[in-house]
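The primary structure of each chain is shown beneath.
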Amino acid sequence: MNPVPAVRRRPSLRRRLLLVLLVPMAILLILDALLTYGVALTYANRVHDRDLSDDAVMLAKMLADPRLGTQLSPQARFLLEYDREGHSYFQVNSARRGLLAGSAQLLPATAAPPPDNTPQLYSTRLDSHALRAAAVRTTAPGDPSDSLVVTVAETLHDRHQQANEILLLSIMVQTTLIAAVLSLLWFGVGRGLRVLDPLTARLAARSHELTPIGGPDVPQEILPLTRTIDALFSRLRGMLALHDRFIADAAHQLRTPLTGLSLHVDRAIADPRPETVTDALAHIQRLTQRAARTSSQLLALTRAQASPLELGEPILLDLGKLIPEAVSQRVHDALRAGVDLGYEGHDQAMMILGDASSMLDLLDNLIDNAIRYAGRDSMVTVALSAQGGGEVCLSIEDNGPGVPPDLLPRLSERFFRLAGSNEEGSGLGLAIVQRTAERHHARVIYRLAEPHGLCVEVHFPPPSA
Ligand SMILES: Nc1ncnc2c1ncn2[C@@H]1O[C@H](COP(=O)(O)OP(=O)(O)OP(=O)(O)O)[C@@H](O)[C@H]1O
Ligand SMILES: [Mg+2]
């Protein structure tokens, strides 16, 4: 049994947004809770410290009343001993007589409190409890040489409880707020995406047009996407136009040799004498070669016109190696045509950025023209030289009849051929050269050679340009 392929959940904008927001919001919530707890505790400490000081001062005042003696009044006792939770302690200490009342374990402040009834606050411990205490020094009633230190203390329980209550309340409020924001976001995304509806409707209404989809109603955030789609459409339009032109050109260019073929076949069938058949076959062979050449040149031109994106990244090419090798492979053809083909160049690297196979197409077309149009007993020289600014110049010069100067600018036109030439050709070679050069950001210059002939120069920019 085939394993059932795992169904991957489609990515969701909402889920993604929520996840992206949830983590920072949770961190913010924790930070906020810590801050709230800190602030709440500070305020609780401040209020409780003040109450503690007030209690200590009031008690000291009650004890300082000479009418009461050193006895605690019933109010004072009630104030000190009313402690439902057991969180409070007190102590009255005489400098001369020692502990007069309260808890003996309560530790005094490290520094004695000032003698002017100003409470001194300090932290201490009793058993396992942390305590906060306020101590006040006052003169003992009826004995000015004695002083009493009244200490009131409490555990930190109430303060922490208050801070915890505030913290809990704040967490509840914040969590509700975050939940509200996230739910608004959940519904907001849905509503927000409705701005894409007109764009979707426009695209759905198309059958096969590749016109731009962007418009004034496209939201700013979606513009990069519509621009990328429009750029893709524009490249597709270019490719389709190229293919249409290829089909039209192919149909047009192949019609003539195919009509010729059919005529010669008819002639051979109608007159089967050996000499007629041989003549018809010779024509058929020539026409077939022409059709093959035309179709291969059309394909090469289409390749040369393709957008750079379809051809991939250009690489560093050393023309100093590539060109002499390619020339040496054509020497045999040149010899057969009675042409002296040579190469002139220095033994050094000539780097350009490009594509080796289109470079060979370019060179092949130029050598092919020079051999064919310069004619028997002519000389063809391929040269490579370094120019100023890191440019590399490839030149192909022959000493044939050349081209009338006023026709030089037309040589790169598709299907342009000089009238009166006996050579077969489709008129596409120099168009291929031109497009290939353009793709390599190179310039093509046609000039007449001295004393006669044609010189074609291709100037390549340095690879870093
Ligand atoms: N070296 C040259 N000397 C004289 N004329 C030339 C030379 N090179 C090109 N031409 C002229 O320019 C025309 C266009 O050349 P191009 O290479 O574009 O086409 P083609 O050679 O006719 O056909 P093909 O597509 O098979 O190369 C040629 O037909 C020829 O008349
Ligand atoms: Mg040619």
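This one's a predicted model, so the numbers in the text were calculated from it and none came from an experiment.

Basis of the calculations
- Residues numbered from 1 in each chain as written.
- Chains lettered and ligands numbered in written order.
- Predicted model: local features only at pLDDT ≥ 70, side-chain atom pairs only at ≥ 80, totals over all residues.
- Domains from an automatic or database assignment.
- Pairing = 2+ DSSP bridges.
- Helix = DSSP H or I, 4+ residues; strand = E, 2+ residues; numbered from the N terminus.
- Buried ≥ 20, exposed ≤ 12 C-beta atoms within 10 Å, placed from the backbone.
- Axes fitted to C-alpha atoms, helices over the stretch in contact; angles between N-to-C directions.
- Parallel < 35°, antiparallel > 145°, perpendicular 65-115°, else oblique.
- Left-handed = near helix turned anticlockwise from the far one by under 90°.
- Contact = placed C-beta atoms within 7 Å.
- Nonpolar A, V, L, I, M, F, W, Y, C, P; charged D, E, K, R; others polar.
- pLDDT = per-residue confidence, 0-100.
- Expected span 1.5 Å × (residues − 1).
- Bend = angle between axes of the 7 residues up to and from the residue.

**As for the domain arrangement of the protein chain**
So, step 1. We note that the domain assignment places domain 1 (15-163), domain 2 (220-305) and domain 3 (313-460) within the protein chain.
So, step 2. When each unit is reduced to the centre of its C-alpha atoms, the spacing between domain 1 and domain 2 is 103 Å.

**Notes on the pairing of strand β11 (residues 443-448)**
So, step 1. Sheet topology places β11 next to strand β12 (residues 454-460); six bridges connect them, and they run antiparallel. Residue pairing in the sheet places R443 in a bridge with H459 of β12.
So, step 2. Adjacent in sequence and paired antiparallel, β11 and β12 are bridged by five residues, among which G453 carries a positive phi angle near 115°.

**Points about the pairing of strand β8 (residues 351-354)**
So, step 1. Only one face of β8 is covered, namely the one carrying I352 and G354; the face carrying M351 and L353 has none of its residues buried.
So, step 2. Two strands pair when backbone bridges link them, and strand β6 (residues 315-318) and β8 are joined in this way by four bridges, in the antiparallel orientation. Paired with I315 across the strands is G354, a residue of β8.

**Side note on the packing of helix α6 (residues 274-305) against helix α10 (residues 429-439)**
So, step 1. The contact between α6 and α10 brings their axes to 8 Å, and the two run at 20°. With respect to their mutual orientation, α6 and α10 come out roughly parallel. Judged by the sense of rotation from one axis to the other, the crossing of α6 with α10 is left-handed. Facing α6, whose interface residues are Q297, A300, L301, A304 and Q305, α10 presents G429, A431, I432, R435, T436 and R439.
So, step 2. When the residues that make up the contact of α6 with α10 are grouped by side-chain class, the tally is five nonpolar, four polar and two charged.

**Side note on the confidence of the model for the protein chain**
So, step 1. Per-residue confidence for the protein chain averages 89 on the pLDDT scale, and 92% of its residues sit at or above 70.
So, step 2. Within the protein chain, β12 carries the highest mean pLDDT (98), whereas helix α7 (residues 308-311) carries the lowest (60).

**Some details on helix α1 (residues 13-64)**
So, step 1. Helix length check: α1, at 52 residues, gives a terminal C-alpha distance of 75 Å against a target of 76 Å (1.5 Å per residue), a fit within 8%.
So, step 2. Along α1, the sharpest kink reaches roughly 25°, centred on L22 and followed within four residues by the proline P24.
So, step 3. For α1, the complete set of buried residues consists of A40, A44, L52, D55, A56, L59, A60 and L63.

**Overview of the sheet that holds strand β2 (residues 98-102)**
So, step 1. Within the open sheet, the five strands sit side by side as β2-β1-β5-β4-β3. Their pairing is antiparallel. Across the chains shown, the open sheet's two edge strands, defined by having one partner strand only, are β2 and β3 (120-126). Each neighbouring strand pair of the sheet contributes to a mean axis angle of 30°, computed without reference to strand direction.
So, step 2. The sheet contact formed by β3 and strand β4 (residues 129-140) spans seven bridges and is antiparallel. Bridge pairing links L121 to A134 in β4.
So, step 3. Strand contacts of α1: β1 (88-94), β3, β4 and β5 (143-155), with the helix running at about 30° to β4, the strand carrying the most contacts.

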